[in-house]
Amino acid sequence: MGTVISLTMPVGVAAEGQPRLDELAAATAVVKSLFRELDETFSLYRPDSEASRLARGELTLRTASARMRERYAEAHEWRLRTEGAFTPERPDGVLDLSGIIKGHAIREAGTSLLALGRRDWCLNAGGDVLVSGSPRPGSTEAWKAGIVDPSDRRTLITGYALGAGGQHTGLATSGSAERGEHIWRLGSGSEFVHVTVAAPDIVTADVLATAIVSGGTPMLNLATDNWDVAVLAIRADGSMLSTPAFRYT
């Protein structure tokens, strides 16, 4: 998916006092396999993927796989809920589910980790984060995510606590600071260059971050009125809008 994926989790200790790295290796293998499988289906950068075949007109949604139709249906529902700020099609009409697939991949990886019996972990895919439990198993300590200044990648502007009994376990960032312009904007366009959203699940965080970049302040107001989210939005001139949960450092 063109992104770096990292998994952080506490591991047990073997009888000889060494960390049980086999636990981390097994969890990492599951995550790696899942991301690779989804990339092979949904990446438009792979000419042999199902998504590329759809883009070339060799397939239609009617003849596509069930997993492709399911993700399109989910993306289409988000288009309705965001009043068009999030869309699964490019302006030229090509189906592009990249706005939801990374969040879906993180969600599925989290489900797989829980199925392995892993309850405490932090999964980071290109800055989009999903956590479970705590960095100290059995404690109420939260995982801490740092938000980088889009105008100076060496500087943290705020932090956010995820998991360990908190209401939000997913955090996603969207904007043009790292990848340049890659979001189709509504209306006059580039109000926000960076939007971070924390939500109870990673797909909601990921989709709404993209939608707010696309739809500007009207979409930000729609998101905070209708979803249990925390939002930090940064304009091109450096001014910020945020909900109270984000604290500036």
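All figures in this text were calculated on a predicted structure; none of them were measured in a lab. (Residues numbered from 1 in each chain as written. Predicted model: local features only at pLDDT ≥ 70, side-chain atom pairs only at ≥ 80, totals over all residues. Heavy atoms only, no water.)

## What to know about the confidence of the model for the protein
Here comes step 1: Mean pLDDT for the protein: 88, with 88% of residues reaching 70 or above.
Here comes step 2: Note on residues 179-185: pLDDT is under 50 here. Beyond four places in sequence and across chains, it has 20 contacts. (pLDDT = per-residue confidence, 0-100. Contact = heavy atoms within 4.5 Å.)

## Things to note about the sheet that holds strand 3 (residues 128-132)
Here comes step 1: Pairing is antiparallel in the open sheet, where seven strands are placed in the order 1-2-3-6-7-8-9. In this open sheet, the two edge strands, each paired with only one partner strand, are strand 1 (5-8) and strand 9 (240-242). In this sheet, adjacent strand axes meet at a mean angle of 10° when their direction is disregarded.
Here comes step 2: Note that strand 1 and strand 2 (residues 121-125) share four bridges and pair antiparallel. Among the inter-strand pairings, T8 is bridged to a residue of strand 2, identified as C122. (Pairing = 2+ DSSP bridges. Helix = DSSP H or I, 4+ residues; strand = E, 2+ residues; numbered from the N terminus. Axes fitted to C-alpha atoms, helices over the stretch in contact; angles between N-to-C directions.)

## A closer look at the pairing of strand 3
For a regular strand, side chains alternate in direction, first toward one face of the sheet and then toward the other.
Here comes step 1: Counting buried positions over the five residues of strand 3 gives five, a clear majority of the element.
Here comes step 2: The alternating pattern of strand 3 places D128, L130 and S132 and V129 and V131 on opposite faces, both of which are buried.
Here comes step 3: Here strand 2 hands over to strand 3 after two residues, with G126 in that stretch at a positive phi of 60°.
Here comes step 4: In terms of strand pairing, strand 3 meets strand 6 (residues 170-175) through two bridges, oriented antiparallel. For V129, the partnering residue across the bridge sits in strand 6 and is L171. (Buried < 20%, exposed > 50% of the residue type's maximum accessible area, 1.4 Å probe, protein only.)

## Points about the packing of helix 3 (residues 66-81) against helix 5 (residues 202-226)
Here comes step 1: Running from N to C, helix 3 and helix 5 point in directions that differ by 25°, and their axes come no closer than 11 Å. Looking at the two axes, helix 3 sits roughly parallel to helix 5. For the element pair helix 3 and helix 5, the recorded crossing hand is right-handed. Across the interface between the two elements, E74, W78 and R81 of helix 3 pack against V203, T204, V207, L208 and L222 of helix 5. (Parallel < 35°, antiparallel > 145°, perpendicular 65-115°, else oblique. Left-handed = near helix turned anticlockwise from the far one by under 90°.)

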